[in-house]
Amino acid sequence: MAFRQRSSSSDRDGAESGYASGSSIASLPDVYFTRPHLKFVNAQLNRLEPQEVLKWCLTSFPQLYQTSAFGLTGLAIMDMVANIDFPINPDIECIFLDTLYHFPQTMDLVEKVKQRYPQLKLHIYKPEGCETTADFEAKFGEKLWETDDERYDFLAKVEPAQRAYRELDVKAVLTGRRKTQGGKRGDIDIVEVDDAGLIKLNPLANWSFKQVQTYIKEHDVPTNDLLDQGYRSVGDWHSTQPVTDSEDERAGRWKGKGKTECGIHNKRSRYAMFLQEQEEQRQRELSEAISKGLNISAVGS
């Protein structure tokens, strides 16, 4: 993964651990945070406007990408990057996870964005080995989100994201998460390090939905047509509903299921942990088989 947690020499003396990049490019320096430093950085960034936060991100992180499902906040970030007044070329590429179950309006928006920002390089990742919905259902069955939603999230979103980070050698990602989106996002910081060690940057973390809306309108940024039909946060068609003004933005996602995240921004899902346990078991069995084979050879000799 792009960044890994690393213990410093001070950890042995009882100090809190820090985080360091695992760059394979010798010319790029490690990006290192102790926990107190990360807290300090976030306190300083909380005083800045998103455009200033983005400038800091551009100067601080190698291999910086944006991840977006083309929601309002992600679109605002794209527009800010495209129009930022900065001597450094803000050539940030974008990762889009095509689950194969997006609304047609979302896919239409992707094309509008590509036309509006021709300099934007978009990397589209789909479930492994699948190009169409028919491919996915042939491999995993119909309505997998109903029979095993964690497995669906892993196959359609988590695994493609991990593959993108690995293949593109991602070091840090810009996300559109904000505190006012509710759910588990209520206490996010501008700079975070997830449990896999990836650095996640949330430049609009402190903005409200209205502030994002105002920016979008003032800068004539293209948006999803579904927003005019009562939707605020748009995901897959099978798990997204419109919301009322009194509900959180993401209340329409997985309504009635008690979840607000698909797994990309969660700690590792039970299904991901199950896969790791299966792989560890396979490795143990392989080691035991090799060991037994060596012992038999030794007796035979």
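Everything that follows concerns the structure shown earlier in this document.
What you see is a predicted model; the values in this text were computed from it and never measured.

Quick word on the nonpolar core
Taken as a class, soluble globular proteins show a tendency for nonpolar side chains to be buried jointly. Residues Phe70, Val191, Ile199 and Leu201 are the most contacted members of the largest nonpolar core, which totals 45 residues. Top element by residues in this core is helix α3 (residues 72-83). It accounts for 7 residues. Ranked by size, the runner-up nonpolar core spans 12 residues in total, among them Phe136, Leu144, Tyr152 and Val158.

Focus on helix α8 (residues 209-218)
Among all positions in α8, only Phe209, Val212, Tyr215 and Ile216 are buried. Summarising the axial view, the buried residues of α8 lie within an arc of 125°, below the 170-degree limit, and thus occupy one face. Relative to its buried face, α8 has exposed residues pointing more than 90 degrees away, namely Lys210, Lys217 and Glu218. Once α8 ends, the next one or two residues include Asp220, with phi positive near 50°.

Brief notes about the packing of α3 against α8
One way to put it is that α3 packs onto α8 with a least axis distance of 10 Å and a crossing angle of 45°. With respect to α8, the element α3 is oriented oblique. When you trace α3 past α8, the crossing you get is left-handed. Contacts between α3 and α8 involve Leu72, Thr73, Leu75, Ala76, Asp79 and Met80 from the former and Phe209, Val212, Gln213, Tyr215 and Ile216 from the latter. Of the residues assigned to the contact of α3 with α8, the class counts are 8 nonpolar, 2 polar and 1 charged.

Considerations on the pattern of salt bridges
Within this structure, the stated rule accounts for 11 salt bridges. One salt bridge connects Glu192 with Arg177, and the closest N-O pair in it is separated by 2.6 Å. Taken together, the residues span a long stretch of sequence, with Glu192 in strand β8 (residues 191-193) and Arg177 in the loop between β7 (172-174) and β8 at a distance of 15 residues. Its relative accessible area of 6% is what places Arg177 among the buried residues.

Observations regarding the pairing of strand β6 (residues 122-125)
The side chains of a regular strand alternate, first on one face of the sheet and then on the other. With 4 bridges joining them, strand β5 (residues 93-97) and β6 adopt parallel strand pairing. Paired with Leu97 across the strands is Tyr125, a residue of β6. The parallel pair β5 and β6 is bridged by helix α4 (residues 104-116), and the resulting crossover is right-handed.

Remarks on the packing of helix α2 (residues 50-60) against α3
Packing of α2 against α3 brings their axes to within 10 Å, and their N-to-C directions diverge by 70°. Judged by the angle between their axes, α2 and α3 are roughly perpendicular. Judged by the sense of rotation from one axis to the other, the crossing of α2 with α3 is right-handed. Between α2, through Pro50, Gln51 and Leu54, and α3, the contact on the second element is made entirely by Ile77, Met80 and Val81. Its residues placed into classes, the contact of α2 with α3 shows 5 nonpolar, 1 polar and no charged.

Thresholds applied
- Residues numbered from 1 in each chain as written.
- Predicted model: local features only at pLDDT ≥ 70, side-chain atom pairs only at ≥ 80, totals over all residues.
- Heavy atoms only, no water.
- Core = buried A, V, L, I, M, F, W, Y, C linked by side-chain atoms within 4.5 Å.
- Buried < 20%, exposed > 50% of the residue type's maximum accessible area, 1.4 Å probe, protein only.
- Helix = DSSP H or I, 4+ residues; strand = E, 2+ residues; numbered from the N terminus.
- Arc of directions from axis to C-beta.
- Axes fitted to C-alpha atoms, helices over the stretch in contact; angles between N-to-C directions.
- Parallel < 35°, antiparallel > 145°, perpendicular 65-115°, else oblique.
- Left-handed = near helix turned anticlockwise from the far one by under 90°.
- Contact = heavy atoms within 4.5 Å.
- Nonpolar A, V, L, I, M, F, W, Y, C, P; charged D, E, K, R; others polar.
- Salt bridge = Lys/Arg side-chain N within 4 Å of Asp/Glu carboxyl O.
- Pairing = 2+ DSSP bridges.
- Right-handed = clockwise from strand over helix to strand, strands pointing away.

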